[in-house]
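The primary structure of each chain is shown beneath.
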Amino acid sequence: MSRVALMLPKLSTYGGVEGFAHRLAGALAADGLEVDFLCARQETPAPPGVRVVALGRPPLGRAAKIAWFAFAAERARRRGGYALTCSMGKTPRQDLLRMSGGPLSKFWELSSRAYAPGAPRAWKTLRRRLAPENVLIRLLERQALEHQRVCVAVSHRVRDWLLEAHPFLAGRDLRVIYNRPDLTRFSPVDEAERAALRRAMGLDGQRLLIATAGTNFALKGLEPLIRALALLPGDAVLHVAGGRNPGRFGALARRLGLEGRVTFLGRVEDMAALYRACDVFCLPSFYDTCSNAVVEALACGTRVVSSVDNGSSFFLPPERVVADPGDHEALARAIEAAAAAPRPGAFAWPAGVASGLEPYRTLVRDMLERA
């Protein structure tokens, strides 16, 4: 029986990367492999057949914790005698590397646009570059990319960012496997059901309902979206799903005279209902490796507008993708054009686009055979 190891600081089902690693470990164990999960700490039971190797976590700052896990995971990898090791990042060596977050340099470059030019942007950039943990993360990113057999990006956009930031990857085995959300919970409804949803939300009189979602409102482009709303007819409204306090975004809506047209919903348990009720779901992200929300909204038969720097804009027609998420005028035009178009039909995952766990299971088997 082949022994394999997955490496991630935390064994948990909370969080996108953590949830994926938990599912992958269980799938590989179900395939008959002997699976170890190398982690700093365990927050949830391991999947059946998976052995947890807890490496500990020192009670120090973030940079020290990152350094400790990189050192401890590498030591365990060398001693473990594994046929194959798989990492989700922040480890210096592995056979299979999954890059879910993209290169740090591209994140800094693109996400800085979410902050006002001048002092706010310069201060944010300086803090990022001087933070000890970021210096370490950049070093580990380079090490990980140099010392791997196969690298997997979670979207074509992430692949492109990796090639821009690390040109040496052009000659390496660099693949794209998308996350695939559980789309069984998301499906279109007819107009009668949509009308009922809107009545339940108190939106009978609104011509255009725009929805968006996120926790990091700045990164998701909420400011340009609010500014775009100010250019749309007065019966257009925006509903914002997400648990973060609206803060300066609520203040911006009030300054623009939109306080009656922007509603902050907080945490929304039934996102499918919001997708189905709205006319346009808009996510003008400044940086997003691959937002599940775009695919979920499409699966609900909703018109979607997003930005070129959201990896899941791959699934949208070109006219629904804005080149500059900060251009609120272009964003307003894209929303109006989307709202005037027929609703899309049922979403079908494009043929030939790898997604979900199965390609990883196949890839691991192939790598073990070639080892």
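Look up a bit, the structure's there.
Residues numbered from 1 in each chain as written. Predicted model: local features only at pLDDT ≥ 70, side-chain atom pairs only at ≥ 80, totals over all residues. Heavy atoms only, no water.

**Let's talk about the environment of threonine 263**
Turning to step 1, where the next piece is worked out: Take threonine 263: it is sitting in strand β12 (residues 262–266).
Turning to step 2, where the next piece is worked out: On the accessibility criterion, threonine 263 (30% relative accessible area) is partly exposed.
Turning to step 3, where the next piece is worked out: Each C-alpha atom of the pair threonine 263 and alanine 211 lies 9.6 Å from the other, and the pair is 52 residues apart in sequence.
Turning to step 4, where the next piece is worked out: Setting aside residues up to four positions removed in sequence, threonine 263 forms contacts with Leu238, His239 and Val240. (Helix = DSSP H or I, 4+ residues; strand = E, 2+ residues; numbered from the N terminus. Buried < 20%, exposed > 50% of the residue type's maximum accessible area, 1.4 Å probe, protein only. Contact = heavy atoms within 4.5 Å.)

**Side note on the sheet that holds strand β1 (residues 3–7)**
Turning to step 1, where the next piece is worked out: Spatially, β5-β3-β1-β6-β7-β8-β9 is the arrangement adopted by the 7 strands of the open sheet, whose pairing is parallel. Each edge of the open sheet carries a strand with a single partner, namely β5 (50–54) and β9 (173–176). Between one strand axis and the next, the sheet turns by 20° as a mean value, whatever way the strands run.
Turning to step 2, where the next piece is worked out: With 5 bridges joining them, strand β3 (residues 34–39) and β5 adopt parallel strand pairing. Its bridge partner being in β5, leucine 38 is matched across the sheet by valine 53.
Turning to step 3, where the next piece is worked out: Contacting β1, β6 (84–87), β7 (96–99), β8 (150–153) and β9, helix α13 (residues 358–370) crosses the sheet at an angle of about 170° to β8. (Pairing = 2+ DSSP bridges. Axes fitted to C-alpha atoms, helices over the stretch in contact; angles between N-to-C directions.)

**A closer look at the nonpolar core**
Turning to step 1, where the next piece is worked out: Membership of the largest hydrophobic core comes to 44 residues, with the highest contact counts inside it found for Leu162, Ile210, Leu238 and Ile335.
Turning to step 2, where the next piece is worked out: Those residues in contact with isoleucine 210 that sit more than four places away from it in its chain are Leu225, Leu229, Leu232, Val237, Leu238, His239, Val280, Cys282 and Ile335.
Turning to step 3, where the next piece is worked out: By size, the runner-up hydrophobic cluster in this structure holds 30 residues, among which are Leu209, Met271, Phe281 and Ala299. (Core = buried A, V, L, I, M, F, W, Y, C linked by side-chain atoms within 4.5 Å.)

**Overview of the pairing of strand β14 (residues 303–307)**
Turning to step 1, where the next piece is worked out: Counting buried residues in β14 gives 5 out of 5 residues, a clear majority hidden from the surface.
Turning to step 2, where the next piece is worked out: Side chains Arg303, Val305 and Ser307 of β14 all project onto a buried face; the interleaved residues Val304 and Ser306 project onto the opposite face, where all are buried too.
Turning to step 3, where the next piece is worked out: As defined by bridge partners, strand β13 (residues 280–283) adjoins β14 across 4 bridges and the pair is classed as parallel. The residue bridging phenylalanine 281 from the neighbouring strand is valine 304, located in β14.
Turning to step 4, where the next piece is worked out: Handedness of the β-α-β unit built from β13, helix α11 (residues 292–299) and β14 comes out right-handed.
Turning to step 5, where the next piece is worked out: Pairing geometry for β14 and strand β15 (residues 321–322), over 2 bridges, is parallel. Its bridge partner being in β15, serine 307 is matched across the sheet by valine 322. (Right-handed = clockwise from strand over helix to strand, strands pointing away.)

**Re the sheet that holds strand β11 (residues 236–241)**
Hydrogen bonding along the main chain pairs the strands of a sheet, whether they run parallel or antiparallel.
Turning to step 1, where the next piece is worked out: Here we have 6 strands laid out as an open sheet, ordered β12-β11-β10-β13-β14-β15, and parallel in their pairing. Of all strands in the sheet, those bounded by a partner on one side alone are β12 and β15.
Turning to step 2, where the next piece is worked out: Sheet topology places β11 next to β12; 4 bridges connect them, and they run parallel. What sits directly across from leucine 238, in β12, is valine 262.
Turning to step 3, where the next piece is worked out: The strands touched by helix α12 (residues 328–340) within the sheet are β10 (208–213), β13, β14 and β15, with β14 carrying the most contacts at an inclination of about 160°.

**Let's talk about the pairing of β10**
Turning to step 1, where the next piece is worked out: Along β10, 6 of the 6 residues are buried, which leaves the element largely enclosed by surrounding structure.
Turning to step 2, where the next piece is worked out: Neither face of β10 is open: one carries Leu208, Ile210 and Thr212, the other Leu209, Ala211 and Ala213, and all of them are buried.
Turning to step 3, where the next piece is worked out: Pairing of β10 with β11, which is carried by 6 bridges, proceeds in the parallel orientation. What sits directly across from leucine 208, in β11, is alanine 236.
Turning to step 4, where the next piece is worked out: Crossover connection from β10 via helix α8 (residues 222–229) to parallel β11: handedness right-handed.
Turning to step 5, where the next piece is worked out: With 2 bridges joining them, β10 and β13 adopt parallel strand pairing. The partner of alanine 211 across the bridge, within β13, is phenylalanine 281.

**A word on the pattern of salt bridges**
Turning to step 1, where the next piece is worked out: Enumeration according to the criterion identifies 27 salt bridges in this entry.
Turning to step 2, where the next piece is worked out: Put simply, arginine 78 and glutamate 74 hold a salt bridge, and the shortest N to O gap is 3.0 Å. Note that arginine 78 and glutamate 74 are positioned in helix α2 (residues 62–80) at a spacing of 4 residues, about one turn of the helix.
Turning to step 3, where the next piece is worked out: Arginine 227 is the salt-bridge partner of glutamate 223, the closest N and O atoms lying 3.3 Å from each other. Taken together, the residues glutamate 223 and arginine 227, both in helix α8 and 4 residues apart, mark about one turn of the helix.
Turning to step 4, where the next piece is worked out: Look at arginine 227 and you get partly exposed, because its relative accessible area is 29%.
Turning to step 5, where the next piece is worked out: When salt bridges that share partners are traced, they join Glu191, Arg194, Arg198, Asp279 and Arg343 into one network. (Salt bridge = Lys/Arg side-chain N within 4 Å of Asp/Glu carboxyl O.)

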